[in-house]
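Okay, here's what each chain looks like letter by letter:
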Amino acid sequence: TLQASCTMEGLQDFPFDRLTCRLKFQGWTLDDRTQNLSFYSPPWATEKVPEVSFQQFHLAAVSSRRVVEAYACCPGVGWPFLEFGLQIGRSQVHYVLKVCMVNTLFTTLAFGVLFVSPSARFNRLGFSITLMLTLTAADIVQSAYLPISDIVLWIQFYIMLSWCFAFLTTLE
């Protein structure tokens, strides 16, 4: 058993992302004269993806390649490595229903304040503030289900935009 970790690429489009992980296996001190890294059988290709699925993820594609690098220090000597690429897809329906639809509903309701008579300004203000507090509470609950990342995810931008629209209707 081999355990490896990799930096996932593509997370910024969460939950509509397809994560990519590249694993590179190479001898650090042995060149192709000492070790010849190669595949036992023809390399895995996209057509041969095994049926592996989890509750939230599925294996979308697998790629592999063998590369021999040459360095200026050692002419005529190759340094082979094997690289595997894994593409992992995510189930999106849960996030669309529980995050996107909820925020869209509350943002649409926030625009309803524009149809309340201007003479009922306290009713308008109370309704707007209630919706902003509801969006804030929804954000707190939803944040437990979102991945933690240094980059701003698509869904975080969507949640911030919903809150901004609700805030703008309060200023009206």
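What this report covers is the structure whose coordinates are included nearby. (Residues numbered from 1 in each chain as written. Predicted model: local features only at pLDDT ≥ 70, side-chain atom pairs only at ≥ 80, totals over all residues. Heavy atoms only, no water.)

**Observations concerning the packing of helix α2 (residues 121-143) against helix α3 (residues 154-171)**
Next, step 1: Close contact between α2 and α3 brings their axes to 9 Å; oriented N to C, the two are set at 165 degrees. Here α2 lies roughly antiparallel to α3, going by the angle between them. Viewed along their axes, α2 and α3 form a crossing whose handedness is left-handed. Residues L125, S128, M132, L135, T136, D139 and Q142 of α2 touch α3, and the partners they reach there are I159, S162, W163, A166, F167, T169 and T170.
Next, step 2: Residue composition of the contact of α2 with α3, by class: seven nonpolar, six polar and one charged. (Axes fitted to C-alpha atoms, helices over the stretch in contact; angles between N-to-C directions. Helix = DSSP H or I, 4+ residues; strand = E, 2+ residues; numbered from the N terminus. Parallel < 35°, antiparallel > 145°, perpendicular 65-115°, else oblique. Left-handed = near helix turned anticlockwise from the far one by under 90°. Contact = heavy atoms within 4.5 Å. Nonpolar A, V, L, I, M, F, W, Y, C, P; charged D, E, K, R; others polar.)

**Some details on the sheet that holds strand β1 (residues 18-26)**
Next, step 1: Taking strand neighbours across the sheet as the criterion, the three strands line up as β1-β3-β2 in an open arrangement whose pairing is antiparallel. Because the sheet does not close on itself, it has two edges, and the strands there are β1 and β2 (57-70). Along the sheet, successive strands turn relative to each other by an average axial angle of 15 degrees, direction set aside.
Next, step 2: As defined by bridge partners, β1 adjoins strand β3 (residues 78-90) across nine bridges and the pair is classed as antiparallel. Counted as the bridge partner of L19 is I88 from β3. (Pairing = 2+ DSSP bridges.)

**Some remarks on α2**
Next, step 1: With 23 residues, α2 extends 33 Å from end C-alpha to end C-alpha; this agrees with the ideal 33 Å at 1.5 Å per step.
Next, step 2: Regarding α2, the residues found buried are R124, S128, L131, M132, L135, A138 and Q142.
Next, step 3: Lining the buried residues of α2 we find α1 (93-111) and α3. (Expected span 1.5 Å × (residues − 1). Buried < 20%, exposed > 50% of the residue type's maximum accessible area, 1.4 Å probe, protein only.)

**Focus: α3**
Next, step 1: Between the first and last C-alpha of α3 there are 26 Å, a value that for 18 residues agrees with the 26 Å anticipated at 1.5 Å per step.
Next, step 2: Of the positions making up α3, those classed as buried are I155, I159, S162, A166, T169 and T170. Across the axial projection of α3, the buried residues extend over an arc of 115 degrees, all falling on one side.
Next, step 3: Close packing links the buried residues of α3 with α1 and α2. (Arc of directions from axis to C-beta.)

**Notes on unusual backbone geometry**
Peptide bonds are, in most cases, trans, and in most cases residues other than glycine have a negative phi.
Next, step 1: For the bond running from F14 to P15, omega is 5 degrees, close enough to zero to count as cis.
Next, step 2: Summarising the element assignment, P15 is placed in the segment before β1.

**A short note on the environment of G89**
Next, step 1: Tracing the sequence through the fold places G89 in strand β3.
Next, step 2: According to the relative accessible area criterion, G89 is buried, its value standing at 3%.

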